[in-house]
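Descriptive analysis of the structure
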Amino acid sequence: MLENTGMFRPADLVGRSASLWRYHEALGLPESAARVTLGEGFTPMAPVPLFGRTILAKMDFLCPTGSYKDRGSTVMLSKLREWGLKEIIEDSSGNAGASIAAYSALGGIRAKIYIPLSTSAGKAAQIAMYGAELIKTPGSREDTAHAAWQAASETFYASHNWSPYFLAGMKTAAYEIAEQLGWDPPEWVITPAGGGSLAVGLHLGFQELYDAGITPRVPRMVLVQAARCAPIYAAWRDGRTDVPAITKQDTAAEGISVAKPVRGREILEAARATNGFVHTVNEDEIWEGLSALGATGVYVEPTSAVVAAAAKQLIGTGVIADEESVVIVLTGNGLKATDKIVQHQQAQVGADLASVR
């Protein structure tokens, strides 16, 4: 359970630091708590020209470790240090592991980070550079989680998927979007959805603002999955209230390749409660979305590009009307996945040469 959870007033924010800790009342820690922080949050929201119109991009890949996961890590590690923990275990597809490794190092906590063997080399190197013990696990993302769970019999399991404090940090993305738009949220927010912390956090944050009378609406949320790993979409399509596990395929969007999300029920609720929906994009569309963002000067990892691919479809089919505002949430820096991007580019060159012959 979170402690001391409340709600700020916009007037309270005047003069506070431009970080997510400006919203400390809603984060479950007392203001006097010793924070483990790198100044994360309050990332830019920039207009980018995409698909014949201007779309607002919430650039959370500019958080200190290169991903939005820092929002959760700063809150969770602050609480873990308050509890006096000296060592933790975490499992991750890459970004959460890197983020928790960084904040653990800052907070003086030893971290063991379990990742799949297939994790991008850049993310693995980043985790190791922070001084965490990196444990590469054969098999799937789910095999990695199982290995960490077994090890947790002896060491505290600081799972970003389970922690309410990590989720509290995710809410701040909604607070920032609203504040950066003068407390007038967009009609639509499009976000990747894998484990669900961001989707659920955005929903909670926007709902809290609305319930407090700070904003006039809760945006409709589009939760985007890769077609090769889309358990949330399958559950949504079938009218389920929870998300059963699936057998997945490899996807360029490794950060959302989760066969059975821990927060499945809450993810579906976020879509339904906001009059939104779950959407899928295929591999070609992911790479096209990545290229489209690159052409605007934005370099993100393929996982982030699913939102651009979805926006193209939804704008092109008129689901999102011309007069409706839309924010896409860009979650991970492209530098983390450069090895995968280079492999794709080389494969494309080879395919082009073969077609010429």
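This section reports on the structure supplied with the text. (Residues numbered from 1 in each chain as written. Predicted model: local features only at pLDDT ≥ 70, side-chain atom pairs only at ≥ 80, totals over all residues. Heavy atoms only, no water.)

1. Comments concerning the layout of surface pockets
The test is simple: Grid points spaced at 1 Å over the protein atoms alone were grouped into cavities, where a 1.4 Å probe fits but cannot get out, and pockets, open sets with protein on both sides within 12 Å along at least five of seven lines, with lining residues defined by an atom within 4 Å of a point. Grid points are joined across faces, edges and corners, and a volume is the space filled by probe spheres set on the points. The way it works is that DSSP assigns letters per residue, a run of H or I at least four long becomes a helix, a run of E at least two long becomes a strand, and they are numbered from the N terminus. Any residue outside Ala, Val, Leu, Ile, Met, Phe, Trp, Tyr, Cys, Pro, Asp, Glu, Lys and Arg is labelled polar, Gly included; the first ten of those are nonpolar and the last four are charged.
Here the largest pocket defines a volume of roughly 620 Å³. Lining the largest pocket are 35 residues, and of these Arg-141, Asn-161, Gly-195, Val-258 and Val-262 sit closest to its centre. For the lining of the largest pocket, the elements supplying multiple residues, two or more each, are helix H2 (95-107), helix H4 (141-151) and helix H6 (197-211). When residues of the lining of the largest pocket are assigned to their parent elements, the largest contribution, four residues, is made by H4. A per-class count over the lining of the largest pocket returns 14 nonpolar, 14 polar and seven charged. Within this model, the second largest pocket holds a volume of roughly 490 Å³. In terms of lining residues, the second largest pocket is bounded by 25 residues, among which Ser-118, Asp-250, Thr-251, Glu-254 and Lys-340 are the most central. For the lining of the second largest pocket, the secondary structure elements donating two or more residues are helix H9 (283-294) and helix H11 (338-356). Among the elements that make up the lining of the second largest pocket, the one with the highest residue count is H11 (three residues). Of the residues in the lining of the second largest pocket, the class split is five nonpolar, 11 polar and nine charged.

2. A look at helix H1 (residues 70-82)
The line we're drawing: Multiply 1.5 Å by the residue count of a helix minus one, and that product is the helix's expected span. For each residue, the accessible area found with a 1.4 Å probe, counting protein chains only, is set against the maximum for its type, and the residue is called buried under 20%, exposed over 50%, and partly exposed in between. The criterion used for residue contact is that any of the two residues' heavy atoms lie within 4.5 Å.
Its 13 residues give H1 an end-to-end C-alpha distance of 18 Å, which sits within 8% of 18 Å, the value for a rise of 1.5 Å per residue. Where burial is concerned, most of H1 is hidden: 11 out of the 13 residues are buried. Three or more residues of H1 are buried, namely Asp-70, Arg-71, Gly-72, Ser-73, Thr-74, Val-75, Met-76, Leu-77, Ser-78, Lys-79 and Leu-80. Where H1 is buried, its residues touch strand E2 (53-59), strand E3 (87-91), H2, strand E6 (156-157) and helix H5 (164-180). Looking one or two residues beyond H1, the residue adopting positive phi is Gly-84, at roughly 85 degrees.

3. Focus: the pairing of strand E5 (residues 133-137)
Just so we agree on the cut-off: Being paired, for any two strands, means DSSP has found at least two bridges between them. Handedness rule for crossovers: strands pointing away from the viewer, path from the first strand over the helix to the second running clockwise, crossover right-handed.
As judged from the five bridges shared by strand E4 (residues 110-116) and E5, these two strands associate in the parallel manner. Across the sheet, Pro-116 pairs through a bridge with Thr-137, a residue of E5. Regarding topology, helix H3 (residues 121-129) serves as the crossover connection from E4 to the parallel E5, and that connection is right-handed.

4. Here we look at the nonpolar core
Heads up, the rule is: By nonpolar core is meant a set of buried Ala, Val, Leu, Ile, Met, Phe, Trp, Tyr and Cys residues that side-chain atoms within 4.5 Å join together.
Core analysis: the largest hydrophobic core is formed by 51 residues, its most contacted members being Met-76, Leu-77, Ile-88, Ile-113, Leu-202 and Leu-223. Here this core gets seven residues from one element, more than from any other, and that element is H5. Leave out the neighbours within four places in its chain, and Leu-77 touches Val-36, Ile-88, Ile-100, Tyr-103, Ser-104 and Ile-109. Formed by 36 residues, the second largest nonpolar core is a distinct cluster that contains Ala-253, Leu-290, Ala-305 and Ala-311.

5. Regarding the sheet that holds strand E7 (residues 188-192)
Condition: In this description, a line fitted to the C-alpha atoms serves as the axis of each element, helices being fitted only across the stretch in contact, and the angle between N-to-C directions of two axes falls anywhere from 0 to 180 degrees.
Pairing is mixed across the open sheet formed by six strands, whose spatial order is E1-E2-E10-E7-E8-E9. If you trace the sheet from one side to the other, it starts and ends with strand E1 (45-50) and strand E9 (277-281), each paired once. Going from strand to strand, the sheet's axes swing by 30 degrees on average, the running direction of each strand aside. Direction of pairing for E7 relative to strand E10 (residues 326-330): parallel, over a ladder of three bridges. Counted as the bridge partner of Ile-190 is Ile-328 from E10.

6. Quick look at the packing of H1 against H5
Put simply, the test is: The scheme is simple: roughly parallel for angles under 35 degrees, roughly antiparallel for over 145, roughly perpendicular for 65 to 115, oblique for anything else. What makes a crossing left-handed is the near helix being turned counterclockwise from the far one by less than a right angle; a clockwise turn instead makes it right-handed.
At a minimum axis distance of 7 Å, the contact between H1 and H5 shows a crossing angle of 140 degrees. By the criterion of interaxial angle, the relationship of H1 to H5 is oblique. Both H1 and H5 take part in a crossing whose hand is right-handed. Each of Arg-71, Gly-72, Ser-73, Val-75, Met-76 and Lys-79 in H1 lies in contact with H5, whose residues at this interface are Tyr-165, Phe-166, Gly-169, Met-170, Thr-172, Ala-173 and Glu-176. When its residues are assigned to classes, the contact of H1 with H5 shows six nonpolar, four polar and three charged.

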